[in-house]
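Survey of secondary and tertiary structure
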Amino acid sequence: MQTDQKSDLLFVPVIDHVKNTAEAVDCTGSALMIMQDGGVVLEEYWGKQSKEEDAKKVQATTQFHIASVRKCYIGFAAAYAVHKGFIRSIDDLVTEYVPANEPELFEGVTIRHLLTHTHGLKKSGSEIQREFPAGERWAYRGIGIDTLTEVIENATGRSIAEILTEQVFSKLDFTETGWHAEMNGNLVDVIRDPDDISWYNDTSVSGNERNMYVSVRELAKWGELHLNKGRAAGEQLVPSDIIELATSVQSPKMLEADLPQNGFLWFVKDMPAKQTEIGDSVPEGSFQILGYTGVTLLVIPKYNLVAVRAFNSFGSPAGYDYLEDVRAFGDKVVGCILKGEQTGD
């Protein structure tokens, strides 16, 4: 897609940032898209989809493994379940929806705690353990996501993929978003350390696992749907209440102020917090989600803007701070917008 040359010049610092990140991580391809005021103002693709000699170039149809960015789709399914009354309240106890073999471990854990990473559970091998009392601290643990998907599936009788396909993907004609059991020519190879035990790619297509691949352009449109509170193509495709639930702060009130603030798994910019993945200069009301493949979706309502970056890497090489890097990404985007306002571009 051809974009305006002035926009390309305006966002040079963002382009340079993404290129520098691509050099810092072990990847073969990357991409960047920025949408503002309903249009694409920047769209760039670099490199190839794998290390194979005859690998395809990264292009508009390329689908990146989005890792933890998938969680905002699970968050949407949870908000849908609340909106429809399948879940009465996010302050309901998890054990009302998921039978627990060890109920004492889940004592006091609510759906709100699962959505905001404040449940206090962790998993060691196959054993679930209590790390801290629910609602008192924040910790990013996979057991919370696994439990939340069970809650949604049990409450609605449907899979995450079924909910998303019916409520969003079919309405927006998404063909480059989904969970894949097998590789195909449009999916990137994820470049990773073969000894990294944190990597796995399941074959489930129900939406409960990490094997979700999305093109940059459809990830941006997904972000734009949230920016526009469920409106797309001049229609209210999704009830605005679902989007409001998903993207507003839901973290327990007692939580320490410097801990991250979450909506329905989205990271939300509210009050200043030291432990956040969102850049300092990104304005209040923005929301973002990041995956360990470096894929990032940032939505800034103040500037009517969505920014997406993607790489086909996994993990953090020595000396690379991926949280600091993603904060810098948001700050670069905002810096370019502010410069454009000052110069009238």
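Bear in mind that the values here come from a model prediction, so they are computed numbers and not experimental data. (Residues numbered from 1 in each chain as written. Predicted model: local features only at pLDDT ≥ 70, side-chain atom pairs only at ≥ 80, totals over all residues. Heavy atoms only, no water.)

From N to C terminus, the protein chain includes nine helices and 13 strands. For 345 residues, the compact-globule estimate of 2.2 N^0.38 gives 20 Å, and the C-alpha radius of gyration of the protein chain, at 19 Å, lies within 12% of that figure. The dimensions of the protein chain, computed from C-alpha atoms along their principal axes, are 60 × 45 × 40 Å. Once local pairs closer than 6 in sequence are excluded, the contacts in the protein chain between residues at least 24 apart make up 60%. Only carbon and sulfur atoms are counted for the fraction: they give 46% of the accessible area of the protein chain, which is about 15,100 Å². Between the centroid of the 32 positive side chains of the protein chain and the centroid of its 51 negative side chains there is a distance of 2 Å. (Helix = DSSP H or I, 4+ residues; strand = E, 2+ residues; numbered from the N terminus. Rg over C-alpha atoms; globule rule 2.2 N^0.38 Å. Contact = heavy atoms within 4.5 Å. Areas by Shrake-Rupley, 256 points an atom, 1.4 Å probe, with all protein chains shown as cover. Lys, Arg positive; Asp, Glu negative; His and termini not counted. Charge placed at Lys NZ, Arg CZ, Asp CG, Glu CD.)

Tyr73, Phe76, Leu164, Leu219, Trp222, Trp266 and Leu297 are the most contacted members of the largest nonpolar core, which has 70 residues in total. When residues of this core are assigned to their parent elements, the largest contribution, ten residues, is made by helix α3 (residues 71-83). Setting aside anything within four residues of it in sequence, one finds Trp266 in contact with Cys72, Trp222, His226, Ala246, Thr247, Gln261, Phe287, Gln288, Ile289 and Leu297. (Core = buried A, V, L, I, M, F, W, Y, C linked by side-chain atoms within 4.5 Å. Buried < 20%, exposed > 50% of the residue type's maximum accessible area, 1.4 Å probe, protein only.)

Along helix α8 (residues 240-247), the positions that sit buried rather than exposed are Ile242, Ile243, Ala246 and Thr247. Viewed end-on, α8 has its buried residues packed into an arc of 110°, placing them on one side of the element. Buried residues in α8 make contact with α3, α7 (216-227), β10 (267-268) and β11 (287-290). (Arc of directions from axis to C-beta.)

It is the contact of α3 with helix α6 (residues 160-169), at a shortest axis distance of 10 Å, that shows an interaxial angle of 80°. Taken together, α3 and α6 sit at an angle that is classed as roughly perpendicular. For the pair formed by α3 and α6, the contact residues are Tyr73, Ile74, Phe76, Ala77 and Tyr80 on the first element and Ile160, Ile163, Leu164, Glu166, Gln167, Val168 and Phe169 on the second. (Axes fitted to C-alpha atoms, helices over the stretch in contact; angles between N-to-C directions. Parallel < 35°, antiparallel > 145°, perpendicular 65-115°, else oblique.)

In spatial order, the strands read β2-β1-β13-β12-β11-β10; together these six strands make up an open sheet with antiparallel pairing. Pairing within the sheet leaves two strands with one partner each, and these edge strands are β2 (39-47) and β10. With five bridges joining them, strand β12 (residues 296-300) and strand β13 (residues 305-311) adopt antiparallel strand pairing. When the bridges of β13 are listed, Leu297 appears paired with Val308. (Pairing = 2+ DSSP bridges.)

A separate point is the sheet that holds strand β7 (residues 212-215). Taken together, three strands build an open sheet; the order of strands is β3-β7-β6 and the sheet is antiparallel. Strands at the two margins of the open sheet, each flanked by one partner only, are β3 (63-65) and β6 (177-179). In this sheet, neighbouring strand axes are inclined to one another by 25° on average, regardless of whether the strands run parallel or antiparallel. In the sheet, β6 pairs with β7 via three bridges, with the strands oriented antiparallel.

Time to look at the environment of Lys269. Secondary-structure assignment places Lys269 in the loop between β10 and β11. Once the C-alpha coordinates of Lys269 and Ile191 are considered, the two residues, 78 residues apart in sequence, prove to be 31 Å apart. With near-sequence residues (within four places) excluded, Lys269 lies in contact with Gln261, Ile278, Gly279, Asp280, Val282, Pro283, Glu284, Gly285 and Ser286. Only 2.5 Å separates the side chain of Lys269 from the backbone oxygen of Val282, close enough to count as a polar contact. (Polar contact = N/O pair within 3.5 Å; in protein donor to acceptor, adjacent residues only side chain to side chain.)

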